[in-house]
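Residue strings, one per chain:
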Amino acid sequence: MVHILGMWMYYAIWAVLGFMLLDFLFGLFKSLVTWKLSPKIITTYLKDILFFIIPLFYIASILPVDPTGWILIIFFYICSVGIIWEYISRIINKWKI
């Protein structure tokens, strides 16, 4: 069962990266429409990779250390859902007037 849960980690990473890309595209579209293009758009996502994506990969890399085999996997999924929730709220806030 742990192996099956571990295989879903790939989908969780792709979901996080997908929502990150959607947030970037919405922000880029909004900045192009309002004519306020700044380099902060790029640096924000570089910071997000450093603070969100790399820790997920670190959690995935230390799975062999987990004696139970499922605590870190559950923690990984909780973190993934939290990051996706963050990006959904960012996308919603970008379109509020």
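Everything below is about the structure shown above.
Residues numbered from 1 in each chain as written. Predicted model: local features only at pLDDT ≥ 70, side-chain atom pairs only at ≥ 80, totals over all residues. Heavy atoms only, no water.

Enquirer: Lay out the overall build of the protein with the relevant residues and their values.
Expert: Assigned secondary structure in the protein consists of three helices and zero strands. Listing every helix and strand of the protein by position from the N terminus yields α-α-α. Taking 97 residues into account, the globule formula puts the C-alpha radius of gyration at 13 Å, and the protein, at 16 Å, lies well above it. Dimensions of the protein along its principal axes, counting C-alpha atoms only, are 55 × 20 × 15 Å. Residue burial in the protein is summarised as follows: out of 97 residues, 29% are buried. The long-range fraction of contacts in the protein, counting pairs at least 24 apart against all pairs at least 6 apart in sequence, stands at 75%. Accessible surface, the protein: about 7000 Å² in total, of which carbon and sulfur atoms supply 80%. (Helix = DSSP H or I, 4+ residues; strand = E, 2+ residues; numbered from the N terminus. Rg over C-alpha atoms; globule rule 2.2 N^0.38 Å. Buried < 20%, exposed > 50% of the residue type's maximum accessible area, 1.4 Å probe, protein only. Contact = heavy atoms within 4.5 Å. Areas by Shrake-Rupley, 256 points an atom, 1.4 Å probe, with all protein chains shown as cover.)

Enquirer: Hey, could you go over the nonpolar core for me, with residue numbers and the actual values?
Expert: Formed by 18 residues in total, the largest nonpolar core has its most connected members in Val16, Tyr45, Leu56, Phe76 and Tyr77. For this core, the leading source of residues is helix H3 (residues 71-94), giving seven residues. In this view, Leu56 contacts Ile13, Val16, Phe76, Cys79, Ser80 and Ile83; residues no more than four positions away in its chain are not counted. (Core = buried A, V, L, I, M, F, W, Y, C linked by side-chain atoms within 4.5 Å.)

Enquirer: Describe helix H2 (residues 40-61), with residues and values.
Expert: Every α-helix winds through 3.6 residues per turn, so residues three or four apart in the chain are directed the same way. With 22 residues, H2 should cover 32 Å at 1.5 Å per step; its first-to-last C-alpha distance of 31 Å lies within 8% of that length. Every buried residue belonging to H2 is among Ile41, Tyr45, Asp48, Ile53, Leu56 and Ile59, and all of these are buried. (Expected span 1.5 Å × (residues − 1).)

Enquirer: So what's going on with the environment of Ser89? Residues and values would help.
Expert: Note on placement: Ser89 falls in helix H3. Sequence separation of Ser89 and Asp23 is 66 residues, and the distance between their C-alpha atoms is 9.6 Å. A polar contact is formed between the side chain of Ser89 and the backbone oxygen of Glu86, at a distance of 2.7 Å. (Polar contact = N/O pair within 3.5 Å; in protein donor to acceptor, adjacent residues only side chain to side chain.)

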